[in-house]
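Residue-level structural notes
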Amino acid sequence: MTQKHDDGSNALTATMTSLLAARDEMRLHAHLLGMDAREKWDRIEKAIFDLETSVGSGAETISEDFIDAVHEFTDTVKGFVAQHVHFNPGAG
């Protein structure tokens, strides 16, 4: 395993940890969402599940572009959670 791969794996792990923390926080408060926000959250949660599956099955072929896309998606999810829950998702 190369250093670059190790760095990418570490970045992906940190990003996924942040994403899953935001998901878990939203799950605690999902019952408070209105209908439109709940529908959006259901789509986001499915995308998170699909991402977890993808990461779990293809960890050896993770590209920097993929990690960047996961990071961007994580920021979007954290923004959604912050908008609907009093949650400070932190930097990252």
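The structure we're discussing is the one just above.
Our subject in this report is the structure included herewith.

What counts and what doesn't
Residues take numbers from 1 onward in each chain, read along the sequence in its written order. Residue-level local features of this predicted model are given only where pLDDT is at least 70; pairs of side-chain atoms are given and counted only at 80 or more, and the full residue set underlies all totals for whole chains, interfaces and linings. Excluded from the side-chain calculation are hydrogens and water; included are all heavy atoms of the structure. Counting from the N terminus, the helices are the DSSP runs of H or I reaching at least four residues and the strands are the DSSP runs of E reaching at least two. The buried label goes to any residue with under 20% of its type's maximum accessible area, the exposed label to any with over 50%, and the partly exposed label to all in between, with areas taken from a 1.4 Å probe on protein chains only. Two residues qualify as a contact provided that any one of their heavy atoms is within 4.5 Å of a heavy atom in the partner residue. Accessible surface area values rest on a Shrake-Rupley calculation with a 1.4 Å probe, where residue burial reflects the displayed protein chains alone. Inter-axis angles, ranging from 0 to 180 degrees, are taken between N-to-C directions of lines fitted to C-alpha atoms, where helices are fitted over the stretch in contact. Throughout this description, any angle smaller than 35 degrees is read as roughly parallel, any larger than 145 degrees as roughly antiparallel, any in the 65 to 115 degree range as roughly perpendicular, and the remainder as oblique. Note on convention: the crossing is left-handed when the near helix lies turned anticlockwise from the far helix by less than a right angle, right-handed when the turn is clockwise.

Let's shift gears to the overall build of the chain. When its secondary structure is counted, the chain shows three helices and zero strands. Start at the N end of the chain and walk to the C end: the helices and strands fall as α-α-α. Taking all 92 residues of the chain together, the buried fraction comes to 33%. Taking contacts inside the chain between residues at least 6 apart in sequence as the whole, the part at least 24 apart equals 73%. Within the structure as shown, the chain displays about 5900 Å² of accessible surface, and the carbon and sulfur contribution to it stands at 55%.

The contact between helix α2 (residues 35-57) and helix α3 (residues 64-84) brings their axes to 12 Å, and the two run at 150 degrees. Considering their axes alone, α2 and α3 lie roughly antiparallel with respect to each other. Once α2 is placed against α3, the crossing between them reads as left-handed. Across from A37, K40, W41, I44, A47, I48, L51, S54 and V55 in α2, the residues of α3 making contact are F66, V70, F73, V77, F80, V81 and H84.

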